[in-house]
Amino acid sequence: MTVLEECSLPTAKRVSEELLVEAKKFSRMDHGSLAGQIEHWARQGKCAEENPDLTCYFLKKILIGLEELEQDEKTLYSFG
């Protein structure tokens, strides 16, 4: 089994009840899953730690752009 295959295996993780309550609220607002909300927060947190000088808004736009690239929703940007 490759490292990539190991990373894609589902695993159970323990998280605090407080985090679960907050994630449930946000996942309902965004019409997503609980696990998806926690993964989203984890990606944002990782991105924020790697780029401490960027704003939360800018980091969110970066993550949206990366998701659009993965979904092949890219368009050519014209300067000027």
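Participant: It is not clear to me how the side chain of serine 27 should be interpreted in this structure. Could you clarify?
Facilitator: With respect to the helices and strands, the residue serine 27 is situated in helix α2 (residues 17-29). You can call serine 27 buried: its relative accessible area is 6%. Separated by 3.0 Å, the side chain of serine 27 and the backbone oxygen of lysine 24 make a polar contact.

Participant: Looking at this structure, I do not really get unusual backbone geometry. What am I missing?
Facilitator: Comment: phi is negative for the bulk of residues other than glycine, and the bulk of peptide bonds are trans. Residues other than glycine seldom take positive phi values, yet aspartate 72 does so here, at roughly 60°. Structurally, aspartate 72 is set in the segment after α4 (56-70).

Participant: Explanation requested: a nonpolar patch on the surface in the structure shown.
Facilitator: A surface patch of nonpolar side chains, amounting to about 420 Å² of accessible area, comprises Leu54, Phe58, Ile62, Leu66 and Leu69. As for its placement among the helices and strands, leucine 69 is situated in helix α4.

Participant: When you look at helix α3 (residues 34-50) in this model, what are you seeing that I'm missing?
Facilitator: Residue pairs spaced three or four apart in an α-helix point in one direction, given the helix's 3.6 residues per turn. Between its terminal C-alpha atoms α3 stretches 25 Å, which fits the 24 Å expected from 17 residues at 1.5 Å a residue. Within the sequence span of α3, burial applies to Gln37, Gln44 and Cys47. Along the axis of α3, the buried residues cluster in a sector spanning 90°; they form a single face. Facing away from the buried surface of α3 by more than 90 degrees, the exposed residues are Glu49 and Glu50. Those residues of α3 that are buried are in contact with α2 and α4.

Criteria and cut-off values
- Residues numbered from 1 in each chain as written.
- Predicted model: local features only at pLDDT ≥ 70, side-chain atom pairs only at ≥ 80, totals over all residues.
- Heavy atoms only, no water.
- Helix = DSSP H or I, 4+ residues; strand = E, 2+ residues; numbered from the N terminus.
- Buried < 20%, exposed > 50% of the residue type's maximum accessible area, 1.4 Å probe, protein only.
- Polar contact = N/O pair within 3.5 Å; in protein donor to acceptor, adjacent residues only side chain to side chain.
- Patch = residues over 30% accessible without salt bridge, like charges linked within 9 Å, V, L, I, M, F, W, Y side chains within 5 Å.
- Areas by Shrake-Rupley, 256 points an atom, 1.4 Å probe, with all protein chains shown as cover.
- Salt bridge = Lys/Arg side-chain N within 4 Å of Asp/Glu carboxyl O.
- Expected span 1.5 Å × (residues − 1).
- Arc of directions from axis to C-beta.
- Contact = heavy atoms within 4.5 Å.

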